[in-house]
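The residues making up each chain are set out below.
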2 protein chains.
Amino acid sequence: MWIQHKRLTIGVDDESVCATLLSPAPTLPGVLFVHGWGGSQAQDLERAKAISGLGCCCLTFDLRGHERTADRAQTVTREENLRDLVAAYDWLASHPQVDETSIAVVGISYGGYLATILSTLRSVRWLALRSPALYKDEQWGAPKRQLHADQDLAAYRQRRLQPPENRALAACATFTGDALLIEAEHDVVVPAPVMENYRAALAGAHSLTSRVLRGADHALSGQRAQQAFTDVLLGWITEMVVGAREEAAQVSLDEAERA
Amino acid sequence: MWIQHKRLTIGVDDESVCATLLSPAPTLPGVLFVHGWGGSQAQDLERAKAISGLGCCCLTFDLRGHERTADRAQTVTREENLRDLVAAYDWLASHPQVDETSIAVVGISYGGYLATILSTLRSVRWLALRSPALYKDEQWGAPKRQLHADQDLAAYRQRRLQPPENRALAACATFTGDALLIEAEHDVVVPAPVMENYRAALAGAHSLTSRVLRGADHALSGQRAQQAFTDVLLGWITEMVVGAREEAAQVSLDEAERA
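Right, let's walk through the structure included here. (Residues numbered from 1 in each chain as written. Chains lettered and ligands numbered in written order. Predicted model: local features only at pLDDT ≥ 70, side-chain atom pairs only at ≥ 80, totals over all residues. Heavy atoms only, no water.)

### Describing the sheet that holds strand β4 (residues 57-61) of chain B
Two orientations exist for strands paired in a sheet by backbone hydrogen bonds: parallel and antiparallel.
Logical step 1: With mixed pairing, 8 strands are arranged side by side in an open sheet as β1(A)-β2(A)-β4(B)-β3(B)-β5(B)-β6(B)-β7(B)-β8(B). Among the strands making up the open sheet, the edge pair consists of β1 (3-12) of chain A together with β8 (207-213) of chain B. Direction aside, the axes of adjacent strands within the sheet are offset by 15° on average.
Logical step 2: Pairing geometry for strand β5 (residues 98-108) of chain B and strand β6 (residues 126-130) of chain B, over 5 bridges, is parallel. (Pairing = 2+ DSSP bridges. Helix = DSSP H or I, 4+ residues; strand = E, 2+ residues; numbered from the N terminus. Axes fitted to C-alpha atoms, helices over the stretch in contact; angles between N-to-C directions.)

### Some thoughts on helix α2 (residues 78-93) of chain A
All names here are of chain A.
Logical step 1: Here α2 spans 22 Å end to end across 16 residues, near enough to the 22 Å set by a 1.5 Å rise per residue.
Logical step 2: Across the 16 residues that make up α2, a large majority, 12, are buried.
Logical step 3: Of all the positions in α2, only Arg78, Glu80, Asn81, Leu82, Asp84, Leu85, Val86, Ala87, Ala88, Tyr89, Leu92 and Ala93 are classed as buried. (Expected span 1.5 Å × (residues − 1). Buried < 20%, exposed > 50% of the residue type's maximum accessible area, 1.4 Å probe, protein only.)

### Description of the interface of chain B and chain A
Logical step 1: On the chain A side, the residues contacting the 56 residues of chain B number 56 residues.
Logical step 2: The contact between chain B and chain A buries some 4600 Å² in all, and 58% of this surface belongs to carbon and sulfur atoms.
Logical step 3: Broken down residue by residue, the surface that chain B buries against chain A is led by B:Cys18, B:Leu22 and B:Lys49, which jointly contribute 12%.
Logical step 4: Residue A:Arg64 pairs with B:Glu15 through a salt bridge whose shortest N-O separation is 2.6 Å.
Logical step 5: Those elements that provide at least two residues to the side of chain B that touches chain A are β1 (3-12), β2 (15-24), α1 (45-52), β4, α2 (78-93) and α8 (223-258) of chain B. (Contact = heavy atoms within 4.5 Å. Buried area = accessible area lost by both parts, 1.4 Å probe. Salt bridge = Lys/Arg side-chain N within 4 Å of Asp/Glu carboxyl O.)

### Points about the pattern of salt bridges
Logical step 1: As enumerated under the stated definition, the model contains 22 salt bridges over all chains in all.
Logical step 2: Between B:Arg214 and B:Glu185 there is a salt bridge, with its nearest N and O atoms 3.6 Å apart. Placement of B:Arg214 in the loop between β8 and α8 and of B:Glu185 in the loop between β7 (178-184) and α7 (192-201) is noted, with a sequence separation of 29 residues between them.
Logical step 3: The class for B:Arg214 is exposed, based on a relative accessible area of 67%.
Logical step 4: Taking relative accessible area as the criterion, B:Glu185 reaches 35% and is therefore assigned partly exposed.
Logical step 5: Three or more residues joined by partner-sharing salt bridges are found here, namely A:Asp13, A:Glu15, B:Arg64, B:Arg72, B:Glu79, B:Glu80, B:Arg83 and B:Asp84.

### Quick word on helix α3 (residues 110-121) of chain B
Residue and element names in this part refer to chain B.
Logical step 1: With 12 residues, α3 ought to run about 16 Å at 1.5 Å a step, and its terminal C-alpha atoms sit 17 Å apart, in line with that.
Logical step 2: Here α3 lies mainly inside the structure; 10 of its 12 residues are buried.
Logical step 3: For α3, the complete set of buried residues consists of Tyr110, Gly111, Gly112, Tyr113, Leu114, Ala115, Thr116, Ile117, Leu118 and Ser119.

### Comments concerning the relation of the copies chain B and chain A
Logical step 1: The two copies are related by a screw operation: chain B maps onto chain A through 180° of rotation and 0.0 Å of translation along the axis, at an RMSD of 0.0 Å. In symmetry terms, the pair is related by a two-fold rotation axis. When C-alpha distances to the rotation axis are compared across chain B, the minimum falls at B:Gly55, with a value of 2.7 Å.
Logical step 2: A share of 100% of interface residues in chain B that are also interface residues in chain A marks the association as one of identical surfaces. (Least-squares fit on C-alpha atoms with pLDDT ≥ 70 in both.)

Laid out in structure tokens, this is it:
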């Protein structure tokens, strides 16, 4: 319950007035950002700032193999980066300001791939995927960098895949929260068939919002594509978070009416 | 400071990842609603619900002389209703969830008139006035109902008045926060000259947003006018509250960069 609704009386002179307080619950939604391979948390800060303005706690972090731990770039595995993500999630979910039942995860490319898998390990209410990548399940414990040499990813990412064939797609198939899927129109790294696989796999999501950023490439080069991404993400988070709060307020008001 | 910005490291395996938390401060903006003469807090609940969804604590209340205390309708004075408003303000400002430096007051008609005066007695950061009424300063302690008999309000509300001539306009002239002024196009109770007086008096406000609800009467009869009011109010509060939070987040990020 996010909105608390309380009827009260306030004393004034030797009389009183009837009042009603509508207040958000003390805990806030949490939003966790996962950057892509070769990226960093710095790329998410602007969007985190905007979303914190909506009354959310936002956490960004650098996956191992990046920034301060760039020396691990050649050896870090998907399993390790997934554990990074789980650790960051657990930190955020256990923060006293955060409602652990209201957590959004925003993942980009490799980070989106990891985010889908996280949703099978932890409670994710809102899942936003921007150009989520796809890898074969094999060599799960191998260095992430090695996959690009060993797996023919270009060919794999042109295939039509069913959820049972891929761990990330299987994760999407069991996801029942709200999903946002953002595609870059001219993405040659994560091409359209991958996005189609993800969209089809998300059939069981409570809601699905799918958008294409016109003229954008995988990296969202240029200010315009970045802004378009921010706009879509912010609009969706606003709808989800503010909408959920309003819904909770309505439930609270209805309950008070019946009482 | 509304947004807290913290760099941290999160342990994973025997390594760690760098992370950044952006979180709203534990206290929230407060929004106080003041209904018009003959109205009630029930009219504000829908808007309060929507605004609480933005992460604000909203308080509505019934002025003395209304609802449960309708027996006081013939005797209640402006001074008493102003004290009601001050009592409601103090209750909200002292609520542990509320940031007492970030309080908005939304007043309608008579409630708008009282809200301007409140801003001289208490700290009001954002002042939203919908069709604020105007009365002569004389007979301050007389029953409010009596003013309509004793004061030629119809003529008074056609006059061009300077702030020193009226307590509410004088209050506006010293107001330095952000102001929203909403006028009903076909308002014959609080006609255009009153609105012009208020707008001119608000010359020192940090920002001024003035809007006319097309085709609306004083009571905002009909669903369409009510919705237009809600849309304007919600858009303004969003700009003010979310904007202030984003600004605070930017300041916090800038400080962290310099550190």
